[in-house]
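Spelled out, the chains give:
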Amino acid sequence: MDISIIPSGIQALDKVLQGIRLGDNVVWQVDRLEDYRYFAEPFTEAAIAANRRMVYLRFASHPPVLLPRPGLERIEVDPSLGFDFFTREVHRLIEAYGPGVLYVFDNLSALVAKWATDELLANFFQITCPLLSELKTIAYFALTRGHHAHYAVARIRDTTQILVDVYHGKD
């Protein structure tokens, strides 16, 4: 078994993706926060069960993606202090936590409400993902479908290792 492959907590998804590897950033393009939670919860549970360091970065006003539980570290960062402060703080935290950590971020779409531009959202993603990848972490992110300019989504798609469009079909 390859120790660089981390289970998503959903066997069928692991089969389709052929595993999520340390260094991968996973973006879930969703219609609702519940859709993101559907994938983030089992990932978190599997990580905690495997005694991996699991961090939830909380920055949005939407309901929490993950509820408190033993083995989950929750860090809050305030994006209303501006792009530069937020980005520096997130990078400082990622560097301090070091290699091999697994992350779940709040829905990135919430950042546009604070920064008023898709450009800054795409910039944040493009400079944060290489750092996460370099440190051999895995990070889950969400984007709300239809809420962003095509160029911003394209920049995110071109930066991430895995982008999954989540759609509903018969519940």
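These lines cover the structure that appears in this document, whether it is placed above or below. (Residues numbered from 1 in each chain as written. Predicted model: local features only at pLDDT ≥ 70, side-chain atom pairs only at ≥ 80, totals over all residues. Heavy atoms only, no water.)

### Side note on the overall build of the protein
What the protein contains, in helices and strands, is 6 helices and 8 strands. Its helices and strands in sequence order give the protein the pattern β-α-β-β-α-β-β-α-β-α-α-β-α-β, from N to C terminus. Against the 2.2 N^0.38 benchmark of 16 Å for 171 residues, the protein shows a C-alpha radius of gyration of 15 Å, consistent with a compact globule. When the 171 residues of the protein are sorted by exposure, 54% land in the buried category. Considering only contacts in the protein between residues 6 or more positions apart, those separated by 24 or more positions represent 73%. Counting 17 positive and 21 negative side-chain charges, the protein places the averaged centre of each group 2 Å from the other. (Helix = DSSP H or I, 4+ residues; strand = E, 2+ residues; numbered from the N terminus. Rg over C-alpha atoms; globule rule 2.2 N^0.38 Å. Buried < 20%, exposed > 50% of the residue type's maximum accessible area, 1.4 Å probe, protein only. Contact = heavy atoms within 4.5 Å. Lys, Arg positive; Asp, Glu negative; His and termini not counted. Charge placed at Lys NZ, Arg CZ, Asp CG, Glu CD.)

### Some details on the pairing of strand β7 (residues 138-144)
A large share of β7 lies buried, amounting to 7 of its 7 residues. Of the two faces of β7, the one carrying I138, Y140, A142 and T144 and the one carrying A139, F141 and L143 are both buried. Across 6 bridges, the pairing between strand β3 (residues 25-30) and β7 is parallel. Counted as the bridge partner of N25 is A139 from β7. By the bridge criterion, 4 bridges tie strand β6 (residues 102-107) to β7 in an arrangement that is parallel. Note that in β7 the partner of Y103 across the bridge is A139. (Pairing = 2+ DSSP bridges.)

### As for the environment of F43
Residue position: F43 is located in helix α2 (residues 33-49). As for F43 and D106, which are separated by 63 residues in sequence, their C-alpha atoms are 14 Å apart. Apart from residues no more than four positions distant in its own chain, F43 is found in contact with I6, P7, S8, G9, M54, L102, Y103, V104, I138 and Y140.

### Observations concerning helix α3 (residues 83-97)
Helix length check: α3 (15 residues) gives 21 Å between terminal C-alpha atoms against 21 Å at 1.5 Å per residue, within 8%. Buried within α3 we find F83, F86, T87, V90, H91, L93, I94 and Y97. Seen end-on, α3 carries its buried residues on one side only, within an arc spanning 160°. Facing away from the buried surface of α3 by more than 90 degrees, the exposed residues are R88, E95 and A96. (Expected span 1.5 Å × (residues − 1). Arc of directions from axis to C-beta.)

### A few points about the nonpolar core
In terms of nonpolar packing, the biggest core is built from 32 residues, with Y103, F105, L108, F124 and F141 touching the most fellow members. If you list the elements that add at least two residues to this core, you get β4 (54-58), α3, β6, α4 (109-115), α5 (118-134) and β7. Not counting chain neighbours up to four residues away, the residues in contact with F141 comprise N25, V26, V27, W28, Y36, F105, L108, F125, C129 and L132. The next biggest cluster of nonpolar side chains, apart from the first, holds 27 residues, and it includes F39, F43, I138 and Y140. (Core = buried A, V, L, I, M, F, W, Y, C linked by side-chain atoms within 4.5 Å.)

### Considering the environment of Y167
Take Y167: it is sitting in the segment after β8 (162-165). Residue class for Y167 comes out exposed when judged on its relative accessible area of 58%.

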